[in-house]
Amino acid sequence: MKRLKSIANKATALILSIGLTLTGIPVSKVCAVSHSRVSVHDPSIVMLEDGSYYIIGSHLAAARSNDLCSWSYTANSNYGTTSTTYFSDIYTDLAIPAAWSDTTGGYDLSGNLWAPDIVYNASMGKYCIYLSVNGNVWNSSIVLCTADQIDGPYTYVGTIVYSGFTNNTVNNVNDTDMPKVLGENPDISHYLSGGSWDASYGTNTIDPLRLLR
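Values in this document were obtained by computation on a predicted structure and should not be read as measured data.

Novice: I keep staring at the side chain of Ser77 and nothing clicks. Help me out?
Specialist: You can see Ser77 is positioned in the loop between β4 (71–73) and α2 (90–93). Once residues within four sequence positions are removed from consideration, Ser77 is found in contact with Leu60, Ala61, Ala62 and Thr84.

In structure tokens, the structure reads:
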């Protein structure tokens, strides 16, 4: 058992080192003991010019770190989607994509801002945030907003991708490109659970024992 744990620990360290190397993050930045956590779902992380790190995720949760170990919330994102500095007022600033997504009663934009990604466009001299505005009945979109500062405020520029042009009532894995990616007769239970991502199989933590399954 000790030997198995040792192998697992070494595999985890190797995978983490390779992953950090491929993303351009120095392996020396891996934390030893001390750390502080934040909650950021569907995270996207970037390295800023000063060498620090910035992470942003669904519902506009965001944080900063100097060492990838100790994180602190930024842009007031810990107060909720409608209280961040990213937008002056999401209902006003994102009214155009919200109108596309608001196809059923009870829709609230604040719970439907998913998986953002921020890049700096040097030619524009702007930070660009690509944000998924989720909607009901397949009416979702990906929008582009820009700002002078990474924490905002951002201005809506336009919609990059629209969905929801047909009233497709089928919610089936075969409507996606998964069969092409996984081949014939894949074990879908490894990937989907009740129509959603199977977190029991594909965990957020790197687990070499799962990777070997």
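Novice: Sorry if this is basic, but what is going on with the pattern of salt bridges here?
Specialist: Side chains bearing opposite charge may pair, as long as their charged atoms lie close to each other. Counting across every chain of the model gives two salt bridges. Between Lys126 and Asp148 there is a salt bridge, with the nearest N and O atoms lying 2.7 Å from each other. Taken as a pair, Lys126 in strand β6 (residues 126–133) and Asp148 in the loop between β7 (141–147) and β8 (155–162) lie far apart in primary sequence, 22 residues in all. Take Lys126: its relative accessible area is 28%, and that puts it in the partly exposed class.

Novice: Hey, could you run me through the packing of aromatic side chains in this one?
Specialist: Aromatic rings considered in pairs are described by the distance between their centres and by the relative angle of their planes. Using the criterion set out here, one finds four aromatic pairs in the structure. Put simply, the rings of Tyr86, Phe87 and Tyr154 touch in pairs and so form one group of aromatic residues.

Novice: Can you help me understand the pairing of β6 in this one?
Specialist: One face of the sheet, then the other: side chains in a regular strand alternate in exactly this way. The sheet contact formed by strand β5 (residues 113–121) and β6 spans seven bridges and is antiparallel. Across the sheet, the residue bridging to Tyr120 is Tyr127, located in β6. Once β5 ends, the chain turns through four residues before running back antiparallel as β6, passing Gly125 with a positive phi of about 70 degrees. When β6 meets β7, the two strands line up antiparallel, connected through seven bridges. Bridge pairing in β7 places Tyr130 opposite Leu144.

Novice: Please explain the sheet that holds strand β2 (residues 53–56) as it appears in this structure.
Specialist: Backbone hydrogen bonds are what pair the strands of a sheet, in a parallel or an antiparallel way. On the basis of which strands lie adjacent, the open sheet formed by four strands has the order β1-β2-β3-β4 and antiparallel pairing. On the outer flanks of this sheet lie β1 (44–47) and β4, each paired with one strand and no other. Here the strands of the sheet are splayed against their neighbours by 25 degrees on average, with no regard to which way each runs. The pairing of β1 with β2 spans four bridges and is antiparallel. The residue bridging Met47 from the neighbouring strand is Tyr53, located in β2.

Rules used throughout
Residues numbered from 1 in each chain as written. Predicted model: local features only at pLDDT ≥ 70, side-chain atom pairs only at ≥ 80, totals over all residues. Heavy atoms only, no water. Helix = DSSP H or I, 4+ residues; strand = E, 2+ residues; numbered from the N terminus. Contact = heavy atoms within 4.5 Å. Salt bridge = Lys/Arg side-chain N within 4 Å of Asp/Glu carboxyl O. Buried < 20%, exposed > 50% of the residue type's maximum accessible area, 1.4 Å probe, protein only. Phe/Tyr/Trp six-rings, centres within 6.5 Å; stacked < 30°, edge-to-face > 60°. Pairing = 2+ DSSP bridges. Axes fitted to C-alpha atoms, helices over the stretch in contact; angles between N-to-C directions.

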